[in-house]
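Listed below are the residues making up each chain.
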Amino acid sequence: MEQPERPDRPGSDAGRAGGILVVADRPRRPRWRERISMTLDLIRANPTGRIALKIFIAIAGALVVTIGIALIPLPGPGWLLVIAGLGIWAVEYHWARRLLGFTRRHVHGWTQWVTRQSLAVRIVLGSVGLVFVATVVWLSLKYSLGIDVIAAAMHYLATH
């Protein structure tokens, strides 16, 4: 029994022009990415270079991730640095590539969800985020530098 032709099946005439299969060219990578890829391939071709590259990537990624983790409680690029460190590790380690893909999918899903919400929901989410950041800054200043911003503000308001 012959199956009906569907456009998404390889045997169909969809994508054919005059009986010739038309294959779309893959988009070319930017030249700098090709150059980096070629350089990494040359380094990996040598056993010593492969080990040295793994060690360098491991140390550089660990340094960036460690700095990012240290900066997470502070306002700034903490999470961005953690993700950048994962990107460095992803050059050489498959587990980091998978984790980076997982992170990208979930961040993209979160941003898509937020953009579909009403303005009131986005304002509430932004307010919760600001309160969280303000609390983290206050606690960081109070317990790491010994500066109690709220007590100083209350003292200022009471004396002026």
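For the structure itself, consult the block above.
Residues numbered from 1 in each chain as written. Predicted model: local features only at pLDDT ≥ 70, side-chain atom pairs only at ≥ 80, totals over all residues. Heavy atoms only, no water.

## As for a positive patch on the surface
There is a patch of like positive charges on the surface, built from R26, R29, R33 and R104. Its place among the elements puts R26 in the loop between β2 (20–21) and α1 (31–45). Looking at R26, the relative accessible area reads 77%, which means it is exposed. (Patch = residues over 30% accessible without salt bridge, like charges linked within 9 Å, V, L, I, M, F, W, Y side chains within 5 Å. Areas by Shrake-Rupley, 256 points an atom, 1.4 Å probe, with all protein chains shown as cover. Salt bridge = Lys/Arg side-chain N within 4 Å of Asp/Glu carboxyl O. Lys, Arg positive; Asp, Glu negative; His and termini not counted. Charge placed at Lys NZ, Arg CZ, Asp CG, Glu CD. Helix = DSSP H or I, 4+ residues; strand = E, 2+ residues; numbered from the N terminus. Buried < 20%, exposed > 50% of the residue type's maximum accessible area, 1.4 Å probe, protein only.)

## Thoughts on the pattern of salt bridges
Opposite charge on two side chains lets them pair, provided their charged atoms get close. By the definition in use, this model includes three salt bridges. In this structure, R44 engages E92 in a salt bridge whose closest nitrogen and oxygen atoms are separated by 3.0 Å. Here the residue R44 occupies a position in helix α1, and E92 occupies one in the loop between α3 (78–90) and α4 (94–116), the gap between them amounting to 48 residues. Given the relative accessible area of 24%, R44 is considered partly exposed. Put simply, E92 and K54 hold a salt bridge, and the shortest N to O gap is 3.8 Å. Of the two residues, E92 is situated in the loop between α3 and α4 and K54 in helix α2 (residues 47–71); the sequence distance between them amounts to 38 residues. Residue E92 is classed as buried on the basis of its relative accessible area of 13%. Where salt bridges share partners, they join D41, R44, K54 and E92 into one cluster.

## Side note on the packing of α3 against α4
In the contact formed by α3 and α4, the axes pass within 7 Å of each other and the chain directions differ by 140°. Between α3 and α4, the angle is such that the two are oblique. In terms of crossing hand, the pair formed by α3 and α4 is left-handed. Here α3 contributes I83, L86, G87, W89 and A90 to the contact with α4, which in turn contributes W95, A96, R97, L99, L100 and T103. The residue makeup of the contact of α3 with α4, split by class, is eight nonpolar, two polar and one charged. (Axes fitted to C-alpha atoms, helices over the stretch in contact; angles between N-to-C directions. Parallel < 35°, antiparallel > 145°, perpendicular 65-115°, else oblique. Left-handed = near helix turned anticlockwise from the far one by under 90°. Contact = heavy atoms within 4.5 Å. Nonpolar A, V, L, I, M, F, W, Y, C, P; charged D, E, K, R; others polar.)

## Remarks on the packing of aromatic side chains
Evaluation of the coordinates by the stated rule reveals three aromatic pairs. An angle of 35° between the planes, with centres 6.2 Å apart, marks the rings of Y93 and W95 as tilted. Y93 sits in the buried class, given a relative accessible area of 19%. Each member of the aromatic cluster is reached from another via a ring pair, and the members are W89, Y93 and W95. (Phe/Tyr/Trp six-rings, centres within 6.5 Å; stacked < 30°, edge-to-face > 60°.)

## Quick look at the side chain of T103
Locating T103 in the fold gives a position in helix α4. Engagement of the side chain of T103 in a polar contact is seen with the backbone oxygen of L99, the distance being 2.8 Å. If we ignore the near neighbours within four places in the chain, the residues touching T103 are I83 and L86. (Polar contact = N/O pair within 3.5 Å; in protein donor to acceptor, adjacent residues only side chain to side chain.)

These figures capture arrangement, not role.
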